[in-house]
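An overview of the molecular structure
Given next are the chains, with one letter for each unit.
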Amino acid sequence: MSTPIHELFAALRGKFTGHLLRPEDSGYGDARKIWNAMVERQPGLIARCADVADVQLAVKSAAAAGVLTAVRCGGHSLAGFSSCDDGLVIDLSRMRSASMDAAARRARFAGGSLLGTVDTVTQQAGLVFPAGVVSHTGAGGLVLGGGTGWLTRMFGLSCDNVEGFTLVTADGSIVHASGRENADLFWALRGGGGNFGVVTEFEVRLHPLNSVLLATSYCIGDDIFRILRDWREFMPGAPDSLKWNISLRLAPSTPAIPAEIRGKPAASLSLAWFGEPEEGNRCIERAFSIGKHFARTKETMSFLALQTMADADFPHGRRYYTKSGYFTALDDRTVQIMVDALPSIPSPNTQIELAYLDGAAGRVAASETAFGDRSAPFIMNLLADWVDPKGDAANVAWVRDLFAALRPAMKPGVYVNFMSGDEQDRVPEAYHERWERMVKVKSHYDPTNFFRLNQNVLPKNAQRKE
Ligand SMILES: Cc1cc2nc3c(=O)[nH]c(=O)nc-3n(C[C@H](O)[C@H](O)[C@H](O)COP(=O)(O)OP(=O)(O)OC[C@H]3O[C@@H](n4cnc5c(N)ncnc54)[C@H](O)[C@@H]3O)c2cc1C
């Protein structure tokens, strides 16, 4: 143990009511792991906080000892920001709980909650909080970065539905931010990620919803291009009740997929409809009428089934690398570059994920929250996903090369939650004209950049350390 970590452990021991794990302790090996196996870190100490007082103690003590500190909720940071070598991990996994006032359509959840923690509580009253599409993702990181998912077009981003945050700031104080209190901080927390403190409680608005009509299919060959053309033209006028995502990938080699298309470049379509079934059926059949569709499904399912259906597709412990961007429009050349890249995908799990945002999220003014661009509705995430470390170079290169080819057509900007760990230079791009305001809020609440393991906003007069 290095000296600062030793000092930190001594400061916490006896006062910290949660669980402290050092490298020699049993359970440390599992506790240090995060979702993305590409990021292997050996923290000097993991502090599993039991409550807000533990968070305050950990922050104050780490700041005093000058120990590099990471904050972990669900551990799903694609960039691996929720761990570090030799430093402290403030692990919020024991602070997972949610409660709701169904009549007021409001919920509160603790800073370590997963999406599933929130959904299982709110669905008891047929209510939803709009968030992401995999239930084992941490709500902490997802909401603070923005939060897109099936309900973005219906109800806005996750951060658009937050009414208040309680956080422990860099000096260990407890601060509340809402539309009425610390309004600048409230603005910055809605999209600004983990830059401003450890959020211990989120207060959010809920919406009524308990079922969804979901249709899926695969198209191959020339139909990939035809479907993408139709999608890009249809979505700008589509009702908010429709969320239609397309992933370009190699068709999976699973029993549900016909043998004739397995392993072939394909467009995987998912259409979720949240309105009147009749209109939804019309939208779905219209989409299915273009080209030949394989492995077609259409079913009404519970919201909880929708929220957990992709859980097994993105397991903990595989290797992941990502790059993301926005497009105002998808021209033929851009589509062609994506389609041309499919045959050389190095891993069967890798995908070009495409979604059309807009809807309720697009109607929030750009100045209302720190979250990045809302004017370029097409969002693309290149997500490489593989198992064998020997595949690292090929998978990372495939993403980087494709990104470089597509970059000229993108609108500058990036969603911070879809960034990899080697893109710190793109953070100002994520906030555009909001950058100066972000720096001002950061400089006020975290002048020494204590919270720096994130898509980092450097405070005025601070030097970049790691
Ligand atoms: C399988 C998978 C599915 C995903 N699906 C979606 C999706 O549908 N929509 C979407 O928008 N994004 C999605 N993402 C991206 C996701 O939003 C980010 O990876 C996010 O950072 C995950 O949050 P986490 O709490 O699990 O991360 P962690 O790794 O725990 O933390 C990530 C960052 O957030 C900060 N942070 C986390 N909790 C707190 C807190 N309570 N207080 C202060 N800072 C905190 C950390 O310091 C760190 O910088 C997905 C990611 C994965 C891996």
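Everything discussed here concerns the structure shown above.
Below, the structure is looked at part by part. Remember, predicted model here, so these are calculated numbers, not experimental data. (Residues numbered from 1 in each chain as written. Predicted model: local features only at pLDDT ≥ 70, side-chain atom pairs only at ≥ 80, totals over all residues. Heavy atoms only, no water.)

1. Description of the pairing of strand 12 (residues 211-220)
With nine of ten residues buried, strand 12 lies mostly within the body of the structure. With seven bridges joining them, strand 12 and strand 15 (residues 294-302) adopt antiparallel strand pairing. Bridge pairing in strand 15 places Thr 216 opposite Thr 297. (Buried < 20%, exposed > 50% of the residue type's maximum accessible area, 1.4 Å probe, protein only. Helix = DSSP H or I, 4+ residues; strand = E, 2+ residues; numbered from the N terminus. Pairing = 2+ DSSP bridges.)

2. Points about the sheet that holds strand 15
Strand order in the open sheet made by the seven strands is 15-12-14-13-17-18-16, with antiparallel pairing throughout. On the outer flanks of this sheet lie strand 15 and strand 16 (319-327), each paired with one strand and no other. Mean inter-strand twist for the sheet, computed between neighbouring axes without regard to direction, equals 15 degrees. Where strand 17 (residues 351-356) lies against strand 18 (residues 378-386), six bridges are found, and the strand directions are antiparallel. The residue of strand 18 that forms the bridge with Ile 352 is Leu 382. Running at roughly 155 degrees to strand 13 (residues 242-250), helix 8 (residues 222-234) makes contact with strand 12, strand 13, strand 14 (265-273), strand 17 and strand 18 of the sheet. In the packing of helix 13 (residues 392-406) onto the sheet, the strands contacted are strand 16, strand 17 and strand 18, and the crossing angle to strand 16 comes to about 5 degrees. (Axes fitted to C-alpha atoms, helices over the stretch in contact; angles between N-to-C directions. Contact = heavy atoms within 4.5 Å.)

3. A word on the state of the cysteines
The final tally for this structure, using the stated rule, is zero disulfides. The closest cysteine sulfur to the non-disulfide-bonded Cys 73 is located on Cys 49, 12 Å from its own sulfur. Cys 219 carries a free sulfur, and the closest cysteine sulfur to it, the one in Cys 283, is 16 Å from it. On the basis of relative accessibility, which here comes to 0%, the residue Cys 219 falls in the buried class. (Disulfide = S-S within 2.5 Å.)

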